[in-house]
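Notes for the structure review
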Amino acid sequence: MAASVTDARIARLRQRMQEEGVDLTVLGPTNHLRWLAGLDPHGDERPVMLFISQAYAGMLMPVLNAASVRQHTDLPFHTWRDDEGPASALGDLIAATGVDPANLNVALDEGMRADFALRVLDALPGARRTFTHGTVSALRSEKEETEYRALKACALINDRAVMAGFDALREGMTEKDVAEVIAAHYASEGAETEFISVCFGANGAFCHHHTGETRLRRDMAVLIDAGCRYMGYPSDMTRSGWFGAPDPDYLKVVSVVEGAVAAALAASKPGVPARDIDRAARGVITEAGYGPNFLHRTGHGLGIELHEEPYISGASERPLGPGNVYSIEPGVYLADRFGVRLEEIVFLRPEGAEVLSELPRTPVIRG
């Protein structure tokens, strides 16, 4: 990551810290650190953390990793050796931040090791503790145009890979056979497999089915939920189809789920609470009589991580804003029969939701 990007993100973080009343932010070797500074230091039991205050940003860094990490950042290091421990370096780092250890509000990286977090709190006995939901997590959810371009490129690779999976369907092949076709396509375009869930028949009624040895037969539903990683960002998309002549009940459910997706897309506007998106999708499915068969929230945020803020659930009052990226993925799951889920990743623009995939959501019929 260019130093200018890191500097700009730290500046945005400091502004958000001021707005949230946070005096000090402490990040571990997690995706927060990857996003903020482009760093992915070796993570083990040795404490490594980035401290950011209004006056200073510096890292607690084990000596044995310092030279390697130094290739990727100009941030100052407060180093420590195994034979001396991190306490003295941590004290020096806290002093360098300029905060009052006895009276401050510290935002801790919720993803870092508990022993790292407790070490920080022990060194700041008067601190009030919060997590990064209002600071780093909030900033990560406001995607930049460079992030949009990576997400879009990854989504298009995923489109082609998933269709390669559907096009490969042959009677007698296993779910794993289809997954191998999709993974090979990812590799052919320089992407890495993030996850692949291929569901034949009744397996589609399991929301998180693990691809297995079930064999494809005629007149069987097929659900493919898959994603790859490209340019540091993942994709996530679900399409539903049928091998053979589609069951009329299946086509009815697909129509209902498509209506739920359309309703959620129409409701996606800046300022709208996330719960309203969930209610829009859920209302369509409930009105059609399948409410008990919609088993999960409508969506989740997507960025460096496959699941991150904002979460599109009925319990979330968080207002959506421009730059938010999230899934819309309502589903209907009929036990022992089939499941239908249609999933889009959207980039929220001032005028509404831009869908990243370019595949139609009509059922994919093969065989």
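In what follows, the accompanying structure is described. All figures in this text were calculated on a predicted structure; none of them were measured in a lab.

1. Details of the side chain of Thr25
Along the chain, Thr25 falls in strand E1 (residues 24-27). On the basis of relative accessibility, which here comes to 0%, the residue Thr25 falls in the buried class. When sequence neighbours within four positions are dropped, the list of residues in contact with Thr25 reads Leu13, Met17, Leu50, Phe51, Ile52, Ala107 and Val136.

2. What to know about the environment of Gly111
Assignment of secondary structure puts Gly111 in the loop between strand E5 (105-108) and helix H5 (114-123). Between the C-alpha atoms of Gly111 and Phe131, which are 20 residues apart in sequence, the distance is 9.5 Å.

3. Considering helix H9 (residues 248-267)
Relative to the 28 Å expected for 20 residues at 1.5 Å per residue, H9 spans 29 Å between its end C-alpha atoms, a close match to the ideal helical length. Taken together, the buried positions of H9 are Tyr250, Val253, Val254, Val256, Val257, Ala260, Val261, Ala264, Leu265 and Ala267.

4. Topic: the packing of aromatic side chains
This model, assessed by the stated rule, comprises four aromatic pairs. Relative to Phe338, the ring of Tyr250 has its centre 5.2 Å away and its plane inclined at 75°; by these criteria the two rings are edge-to-face. Of the two residues, Tyr250 is situated in helix H9 and Phe338 in strand E15 (residues 338-341); the sequence distance between them amounts to 88 residues. The two residues Tyr250 and Phe338 agree in class, both being buried. Aromatic rings pair up to connect Trp242, Tyr250 and Phe338 into one cluster.

5. Let's talk about the environment of Arg149
When you line up the elements, Arg149 lands in helix H7 (residues 145-167). Sequence separation of Arg149 and Leu302 is 153 residues, and the distance between their C-alpha atoms is 14 Å.

What counts, and where the lines are drawn
Residues numbered from 1 in each chain as written. Predicted model: local features only at pLDDT ≥ 70, side-chain atom pairs only at ≥ 80, totals over all residues. Heavy atoms only, no water. Helix = DSSP H or I, 4+ residues; strand = E, 2+ residues; numbered from the N terminus. Buried < 20%, exposed > 50% of the residue type's maximum accessible area, 1.4 Å probe, protein only. Contact = heavy atoms within 4.5 Å. Expected span 1.5 Å × (residues − 1). Phe/Tyr/Trp six-rings, centres within 6.5 Å; stacked < 30°, edge-to-face > 60°.

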